[in-house]
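# Analysis of the macromolecular model
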Amino acid sequence: MTRSTIAGHLPADPQRRRWLRAGLTSAAAVALAPAAGSAAPAAPVAVTAAGRTTDLLRLDLNESSYGPSPRVGPAVQRALVEAPRYVSAAQLQALQSQIASLEGVAPEQVIVGEVLEALGQHLALSQGAGGFIYSVPGYGALVDAARPFGGRAVEVPLNARLENDLPALLAAIAPDTRALFVVNPHNPSGTLSPGAEFDRFVSAAQARTLVIVDEAYLDYREDAATLSAVRLLRQGQNVVVFRTLGKIHALAGLQVGYALVPAALAGALRQRGVGGAHAQNQLSLAAASAALADPAHVAQVRRSVAAERQHWQQVLSGLRLRSTEAAGNFVFVDTGHPHAAVAAGLLQQGVRIARVFAPYHTWVRITVGTPAENRRAQQALRSVLAQLGKAQGGAAA
């Protein structure tokens, strides 16, 4: 349908028009406003072992419990009037220019969107079958997207400190390597590769293949600007830096992020249609622009998460559990019990944690939430571990 045809099919509903003119009080109201005659959506619930229901605490996907910038709600509300319209090239260019100014790159080097999968497909299609190197366990979106088009996963285990094994990653580069993908801070371990060492690694690797650095969790570091690989991209190195606004900016439900890309690769991606205006939507662009314009909110969330992450580490230390020195908004801890048992026990108490990350079958990843959420999760963890300990002791007897 054309725009005029779509507009012609909109119902002439005076009540809906008044509602749109009146606006909504927040982005949450936009997302949760029920349709006429329907009930409000129910909060997720979990069923306990005793058959009782409780609100489900979702600490599994590293979403932010702190919510987006207070500027986001009004920006989304204003963008509603443009919801019937496709995103224009001028609107996209405005966001690209905003991001470019923040990152110190040229606007044409900014590709807007959650583009890792599209990037993996492009590299496999344009360069032919070849290897995609990444740390395991790890985030495999880019590698998985390349597989159907000839991409071959080259898996490199983490080192003994559960960090990206930089020497092993570098040694894995071969003549047919299409890209080296590294997440820093790493997911799921949360470990951060040391700055100077990481810089040397990226500089050496990019001379032999494209290096893609996913910095989804780097904003949780106060010194993020001095650690980001975007500094190497500015020097002309063969480096892509990816950021998502689904973590510290709390826009996971709007699926928006961006990549900072060498100019030649950016042009090739656009020719394939990646990151074009047609791939965007009005509400995500408005939310992204507002979120990026509020560094004070990011700093506040960073401080809150850092304090809560430290408290988590104190709790885990008190339980005498081994954990990593995580730098993101989650902890990664060895409970000493099978992941399935711990996860099931927590879920019975209304707490959902991340999936298992092989080969770390006794480790669990738990998102850092608000203070109240963390207290609830910590109490549930104590309870589950006590139950498993008793069961283990009884079996041994």
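Worth saying up front: this structure is predicted, and the values here are computed from it rather than measured. (Residues numbered from 1 in each chain as written. Predicted model: local features only at pLDDT ≥ 70, side-chain atom pairs only at ≥ 80, totals over all residues. Heavy atoms only, no water.)

### Some words on the overall build of the protein chain
Here is the rule we go by: Helix numbers and strand numbers start at the N terminus; a helix is a DSSP run of H or I with at least 4 residues, a strand a run of E with at least 2. Each residue's exposure class comes from its accessible area (1.4 Å probe, protein chains only) as a fraction of the maximum for that residue type: buried when under 20%, exposed when over 50%, partly exposed otherwise. Whether two residues touch is decided by their heavy atoms; if any such pair falls within 4.5 Å, the residues are in contact. Exposure was quantified through the Shrake-Rupley algorithm and a 1.4 Å probe, taking into account, for residues, occlusion by the shown protein chains and nothing else.
Each helix and strand in the protein chain was counted, giving 16 helices and 14 strands. The buried share of the protein chain, taken over its 397 residues, is 49%. Considering only residue pairs separated by 6 or more positions, the protein chain has 73% of its internal contacts joining residues 24 or more positions apart. With an accessible surface of roughly 18,500 Å², the protein chain has 54% of that area assigned to carbon and sulfur atoms.

### Quick look at the pattern of salt bridges
Note the following rule: When a carboxyl oxygen of Asp or Glu is within 4 Å of a side-chain nitrogen of Lys or Arg, the pair counts as a salt bridge.
Applying the stated criterion to the full structure yields 9 salt bridges. Ionic pairing is found between aspartate 294 and arginine 71, a salt bridge with its closest N-O pair at 4.0 Å. With aspartate 294 in the loop between helix H13 (282-292) and helix H14 (295-318) and arginine 71 in the loop between strand S3 (57-59) and helix H4 (72-79), this pair connects stretches of sequence that are 223 residues apart. Judged by relative accessible area, arginine 71 falls into the partly exposed class, the value being 44%. For arginine 152, the salt bridge identified is with aspartate 176, shortest N-O distance 3.2 Å. Note that arginine 152 is positioned in strand S6 (residues 151-157) and aspartate 176 in the loop between helix H8 (166-171) and strand S7 (177-183), a separation of 24 residues in sequence. For aspartate 176, a relative accessible area of 26% gives the class partly exposed. One continuous salt-bridge network, built from bridges that share partners, spans Glu103, Glu215 and Arg243.

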